[in-house]
Amino acid sequence: MRTLIHLSDLHFGRVDQTLLEPLRALIHSIAPSVVVISGDLTQRAKPEQFEEARAFLDTLPGPQIVVPGNHDISLYNVFRRFVKPLARYKRYITDDLDPIYVDDEIAVVGVNTARSLTIKDGRVNKEQVAKIREQLSGLDPRLTRIVVTHHPFDLPTTFEEQDLVNRAPMAMEVFAECGVDVLLAGHMHVSHAASTASRYQIDAYAALVVQAGTATSTRGRGEVNSFNLLRVEHERVEVDRYGWDALTNTFRVILTEKFLRSGNVWAPAAEGMLAAGL
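What comes next is a walk through the structure. (Residues numbered from 1 in each chain as written. Predicted model: local features only at pLDDT ≥ 70, side-chain atom pairs only at ≥ 80, totals over all residues. Heavy atoms only, no water.)

### Focus: the pattern of salt bridges
Okay, so step 1: Following the criterion strictly, the structure yields 15 salt bridges and no others.
Okay, so step 2: The salt bridge involving R2 is made with E105; its shortest N-O contact spans 3.1 Å. You can see R2 sitting in strand 1 (residues 2-7) and its partner E105 sitting in the loop between strand 4 (100-102) and strand 5 (106-110), a full 103 residues away along the chain.
Okay, so step 3: Look at R2 and you get buried, because its relative accessible area is 17%.
Okay, so step 4: With a shortest N-O distance of 2.9 Å, E238 and R231 are connected by a salt bridge. Pair check on accessibility: E238 and R231 agree, each one buried.
Okay, so step 5: Connected via shared salt-bridge partners are R2, D103, D104 and E105. (Salt bridge = Lys/Arg side-chain N within 4 Å of Asp/Glu carboxyl O. Helix = DSSP H or I, 4+ residues; strand = E, 2+ residues; numbered from the N terminus. Buried < 20%, exposed > 50% of the residue type's maximum accessible area, 1.4 Å probe, protein only.)

Here it is in structure tokens:
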């Protein structure tokens, strides 16, 4: 089994400082196999915000898979937005916009969906999808394949279609070919875990999509600060959602969701199936 910490939307520049030390200490106590940060490390892509984000990442264990979000591109500086959109991200965080981590149980692939031409929306292009196919095609089929983006591939039906990453259907077809199991994202500051079967009608394929809320920012949008802990096995994933408890000044588990894979289809696990060991 592998454990993944899934953080998103840190938004340094709009951070609740009281959360940082409890979060750091808890992550170290969990001792995850991988720490994933799915974008929006800063609020306005300023140097001092990236410096704060870098300092915080340095206090967390590794390995780390980090991808940028739309807030990590300058908003008001037109030259920097269109000519050097992720220069500061590359300088302070990482110059690898397509990070990958592989061990003998999991493969975690990061993909940059942040773009200069939109204020908040994201997209994935054919070249990126082709690279994902290349990265995953030669791996052991027993590895659980995980793709990390900032913008989501799926959301609850209460959200608009435009909130999804652009060209998602095209990417999902390739993910089906590659056997991608889990899609991790953020952006909406809402926690969510579900099968993609309802939205994407792909024969004999459905991935598990896991959304993270904002771990540390003051922009909660009605949800407490939160992050996810995933326990990943080849045919089973458990997702613990940790939420901030202001009464005790700690993050605690507020929900656990369990999913099973049958063939290439991930679905919520029925308690009866779990009891039978299926």
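Resuming the write-up.
### Digging into the nonpolar core
Okay, so step 1: Membership of the largest hydrophobic core comes to 33 residues, with the highest contact counts inside it found for L7, L41 and I93.
Okay, so step 2: For this core, the secondary structure elements donating two or more residues are strand 1, helix 1 (20-30), strand 2 (34-38), helix 2 (47-58), helix 4 (87-92), strand 10 (226-233) and strand 11 (236-245).
Okay, so step 3: Membership of the second largest hydrophobic core comes to 29 residues, among which are V124, F175, A207 and V209. (Core = buried A, V, L, I, M, F, W, Y, C linked by side-chain atoms within 4.5 Å.)

### Here's the deal with helix 2
Helical geometry: 3.6 residues make up each α-helical turn, so side chains three or four residues apart lie on a common side.
Okay, so step 1: For helix 2, which comprises 12 residues, the first-to-last C-alpha distance of 16 Å matches the rise-based estimate of 16 Å (1.5 Å per residue) to within 8%.
Okay, so step 2: Buried residues of helix 2: Q49, F50, A53, F56 and L57, and no others. Taken down its axis, helix 2 places every buried residue within 125° of arc, on the same side.
Okay, so step 3: Each element contacted by the buried residues of helix 2 is listed here: helix 1, strand 2, strand 3 (64-67) and helix 4. (Expected span 1.5 Å × (residues − 1). Arc of directions from axis to C-beta. Contact = heavy atoms within 4.5 Å.)

### Some words on the packing of aromatic side chains
Okay, so step 1: Under the counting rule described, the total for this entry stands at seven aromatic pairs.
Okay, so step 2: Ring centres 6.4 Å apart and planes at 75° place the aromatic pair F50 and Y89 in the edge-to-face group. Placement of F50 in helix 2 and of Y89 in helix 4 is noted, with a sequence separation of 39 residues between them.
Okay, so step 3: Here F50 falls in the buried class, since its relative accessible area comes to 0%.
Okay, so step 4: On the basis of relative accessibility, which here comes to 0%, the residue Y89 falls in the buried class.
Okay, so step 5: Measuring from ring centre to ring centre gives 5.3 Å for F153 and F175, while their planes differ by 65°; the resulting arrangement is edge-to-face. Here the residue F153 occupies a position in the loop between strand 6 (144-148) and helix 6 (168-178), and F175 occupies one in helix 6, the gap between them amounting to 22 residues.
Okay, so step 6: With relative accessibility at 3%, the residue F153 sits in the buried group.
Okay, so step 7: Ring-pair connections join several aromatic residues into one group, and the members of that group are F227, Y242, W244 and F251. (Phe/Tyr/Trp six-rings, centres within 6.5 Å; stacked < 30°, edge-to-face > 60°.)

### Points about unusual backbone geometry
Okay, so step 1: Residue G62 is joined to P63 through a cis peptide bond whose omega torsion reads 0°.
Okay, so step 2: Phi at H11 takes a positive value of approximately 55°, unusual for a residue other than glycine.
Okay, so step 3: Here H11 lies in the loop between strand 1 and helix 1.
Okay, so step 4: Relative accessible area serves as the criterion here: at 0%, H11 is assigned to the buried category.
Okay, so step 5: For A45, which is not glycine, the phi torsion reads 55° and is therefore positive.

### Regarding the pairing of strand 8 (residues 192-195)
Okay, so step 1: Covered by surrounding structure in strand 8 are H192 and A194 together with A193 and S195, the residues of both alternating faces.
Okay, so step 2: Two elements, strand 8 and strand 9 (residues 208-211), share four bridges in a ladder whose sense is antiparallel. Its bridge partner being in strand 9, S195 is matched across the sheet by L208. (Pairing = 2+ DSSP bridges.)

### Looking at the environment of L7
Okay, so step 1: On the secondary structure map, L7 appears in strand 1.
Okay, so step 2: The class for L7 is buried, based on a relative accessible area of 0%.
Okay, so step 3: Spatially, the C-alpha atom of L7 lies 5.3 Å from that of F227, the residues being 220 residues apart in sequence.
Okay, so step 4: L7 has contacts with L23, I27, V36, I37, S38, L60, A215 and F227, leaving out every residue within four places of it along the chain.

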